[in-house]
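Residues per chain, in single letters:
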Amino acid sequence: MCNNKANRRLLLSIAWVVIGIVLFVLSFMEVLDSFWSGLGGGLIAVGILQIIRHIRYRTNAEYKEKVDIEVNDERNKFLSSKAWAWTGYIFVLCCAVASIVYRVMGENELGSLCTTGLCLMVAIYFIAYMILKRKY
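Every value quoted in this text rests on a predicted model; they were computed, and no experiment measured them.

*Asks:* Please provide a residue-by-residue account of the packing of helix H4 (residues 74–104) against helix H5 (residues 108–135), values included.
*Replies:* Relative orientation of the contacting elements H4 and H5 amounts to 155 degrees, with a least axis distance of 8 Å. Regarding the angle of H4 to H5, the classification is roughly antiparallel. Considering how the two elements wind past one another, H4 and H5 form a crossing that is left-handed. Listed contacts from H5 to Gly-88, Phe-91, Val-92, Cys-95, Ala-96, Ala-98, Ser-99, Tyr-102 and Arg-103 of H4 are Asn-108, Leu-110, Gly-111, Ser-112, Cys-114, Thr-115, Gly-117, Leu-118 and Met-121. The residue makeup of the contact of H4 with H5, split by class, is ten nonpolar, seven polar and one charged.

Below, the structure is given as structure tokens:
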């Protein structure tokens with residue numbers, strides 16, 4: 001990872017912590033509801049973990065080599081691509097089943113939400129397919 005890119009990622013991680021603290025404090029002061037405190041806590045945790053990871057990457061040569069291999073390895077890129085494909089298939093199937101189950105249960109609003117998610121996923125797939133078809 002180039003130094004400039006690493007510095008930007010470290011700054012982004014620090015920003016996540018700061019945003020998380022702001023959300024948490026605003027929720028604690030009852031300016032925002034409890035959802036935002038949970039999101040703020042999550043951002044704080046993710047930001048701190050990322051900062052630790054960045055520091056470890058910069059200071060531990062063995063860890064740096066391991067991360068660089070994982071990021072640049074073709075097999076890992078292939079597996080990541082396949083995992084996203086499987087995730088898409090499973091999401092589409094779950095939405096389809098859930099929309100039917102919710103409709104049968106009389107939960108029309110939840111059924112419509114699942115159907116909307118399903119349609120959105122299919123639309124995104126179609127657009128991505130058309131773009132990739134032209135590119136490759």
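*Asks:* I'd like to hear about the packing of helix H2 (residues 34–59) against helix H3 (residues 61–72), residue by residue, with values.
*Replies:* The packing of two helices is summarised by the inter-axis angle and the distance between the axes. H3 packs onto H2 with a crossing angle of 110 degrees between their chain directions and a minimal axis gap of 6 Å. By the angle between their axes, H2 is roughly perpendicular relative to H3. On the side of H2, the interface is formed by Arg-53, Arg-56, Tyr-57 and Thr-59, while H3 contributes Ala-61, Tyr-63, Lys-64, Val-67 and Asp-68. Class assignment of the residues belonging to the contact of H2 with H3 gives a composition of four nonpolar, one polar and four charged.

*Asks:* Lay out H2 with the relevant residues and their values.
*Replies:* Look at H2: 38 Å from first C-alpha to last across 26 residues, which is about the 38 Å you get at 1.5 Å a residue. Listed in full, the buried residues belonging to H2 are Ser-37, Gly-40, Leu-43, Ile-44, Gly-47, His-54 and Tyr-57. If you follow the buried residues of H2, they end up packed against helix H1 (3–28) and H3. Two to three positions downstream of the cap, the backbone nitrogen of Phe-35 sits 3.1 Å from a side-chain oxygen, assigning the N-cap of H2 to Asp-33.

About the cut-offs
Residues numbered from 1 in each chain as written. Predicted model: local features only at pLDDT ≥ 70, side-chain atom pairs only at ≥ 80, totals over all residues. Heavy atoms only, no water. Axes fitted to C-alpha atoms, helices over the stretch in contact; angles between N-to-C directions. Helix = DSSP H or I, 4+ residues; strand = E, 2+ residues; numbered from the N terminus. Parallel < 35°, antiparallel > 145°, perpendicular 65-115°, else oblique. Left-handed = near helix turned anticlockwise from the far one by under 90°. Contact = heavy atoms within 4.5 Å. Nonpolar A, V, L, I, M, F, W, Y, C, P; charged D, E, K, R; others polar. Expected span 1.5 Å × (residues − 1). Buried < 20%, exposed > 50% of the residue type's maximum accessible area, 1.4 Å probe, protein only. Polar contact = N/O pair within 3.5 Å; in protein donor to acceptor, adjacent residues only side chain to side chain.

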